[in-house]
Amino acid sequence: MSTAGQGPAGPLRTAGRVVGAARRRMQQGAAWARDYVWIVAAQARATLRPPPADALASGDRTPVVLLPGIYETWPVMHALARALHAAGHPVHVVPALGLNRLGLEESARLVAARLAELGPDPVVLVAHSKGGLIGKLVLADPVVGPHVAGLVAVNTPFAGSVYARWFPARPVRALSPLDPHVLALAHDVATHARIWSVYARFDPHVPGGSELPGAVNVRLPLDGHFRPLDDPRLHAVVVDAVGRLTAPGQGRAGS
């Protein structure tokens, strides 16, 4: 077969792929920078002007309990909390988590104790990052787990994060894919049907993604690990997920 006339088509395609890859790396680098700018500002606001913990505790729909990520306090999730409250959900927090530096099992015990304080009514856990791992442990708890309608996890490293193993701080290294607690939790699939995993298309902290087999997985056209918490598109999906988890007879409808 003659290739006359095709000339530079192959090299041009190769050059196009190289340029496209370089452009994607630049876009991801910019998204990473914006992500850090956002979280630094959010943490500063959470420290200097923290909102009252009970400010959003009213509402007539299923209560929600927030589980922030590592080194985060709940006000980092404040925009999402306001969206849930505006939809009628009372929003509660777990003050004992502090900066969420404890191990997964100890953190899950603190959340279980908080749920016992809130009473026997069903709740939905809404979590960010490490908070989703804690929430999954709570779902499996034989005492409080049956009183949890489900978990909506945002950018959670359900299989760990490959970057965690090189981080100098032990609480972060504990989120490595090689950590025995993370491995054991990843192999426990019994609760996946009660979980919605909502995640960004590019997450610089969870490069392996947050897809969870057997769960409802929602990949959003957003970039970043932290900044999506401030995005109305994510808020809408989380509010919808909470509603579906608690609607009689619906469960996974629309997944």
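Residues numbered from 1 in each chain as written. Predicted model: local features only at pLDDT ≥ 70, side-chain atom pairs only at ≥ 80, totals over all residues. Heavy atoms only, no water.

## Some details on the nonpolar core
So, point 1. The biggest cluster of nonpolar side chains holds 34 residues, and the ones touching the most others in it are Leu66, Leu84, Val126, Val152 and Val238.
So, point 2. Broken down by element, the residue count for this core peaks at 7 residues, all from helix α7 (residues 232-246).
So, point 3. The contacts of Leu84, once residues within four sequence positions are left out, are Val64, Leu66, His89, Val91, Val126, Val238, Val239 and Val242.
So, point 4. In this structure, Ile70, Leu97, Leu125 and Val182 belong to the second largest nonpolar core, which totals 30 residues. (Core = buried A, V, L, I, M, F, W, Y, C linked by side-chain atoms within 4.5 Å. Buried < 20%, exposed > 50% of the residue type's maximum accessible area, 1.4 Å probe, protein only. Helix = DSSP H or I, 4+ residues; strand = E, 2+ residues; numbered from the N terminus. Contact = heavy atoms within 4.5 Å.)

## Observations concerning the packing of aromatic side chains
So, point 1. Summed over all chains, the structure comprises 1 aromatic pair.
So, point 2. Consider the rings of Trp32 and Tyr36, whose centres lie 6.4 Å apart with planes at 20°: the pair is stacked. Taken as a pair, Trp32 and Tyr36 lie in helix α1 (residues 9-48) at a separation of 4 residues, close to a single helical turn.
So, point 3. Note on Trp32: relative accessible area 31%, which makes it partly exposed. (Phe/Tyr/Trp six-rings, centres within 6.5 Å; stacked < 30°, edge-to-face > 60°.)

## Some words on the environment of Arg114
So, point 1. Examined against the element boundaries, Arg114 turns out to sit in helix α3 (residues 104-118).
So, point 2. Ignoring sequence-local partners within four residues, the contact set of Arg114 consists of His92, Val93, Val94 and Pro95.

## Points about the sheet that holds strand β5 (residues 195-202)
So, point 1. If you trace the 6 strands from one edge of the open sheet to the other, you get β2-β1-β3-β4-β5-β6, paired in parallel fashion. The open sheet has two edge strands with one neighbour each: β2 (91-92) and β6 (216-223).
So, point 2. Alignment of strand β4 (residues 148-154) against β5, held across 4 bridges, turns out to be parallel. Bridged to Val154 within β5 is Val198.
So, point 3. With respect to the sheet, α7 is in contact with β1 (64-67), β3 (123-128), β4, β5 and β6, its orientation differing from that of β4 by roughly 160°. (Pairing = 2+ DSSP bridges. Axes fitted to C-alpha atoms, helices over the stretch in contact; angles between N-to-C directions.)

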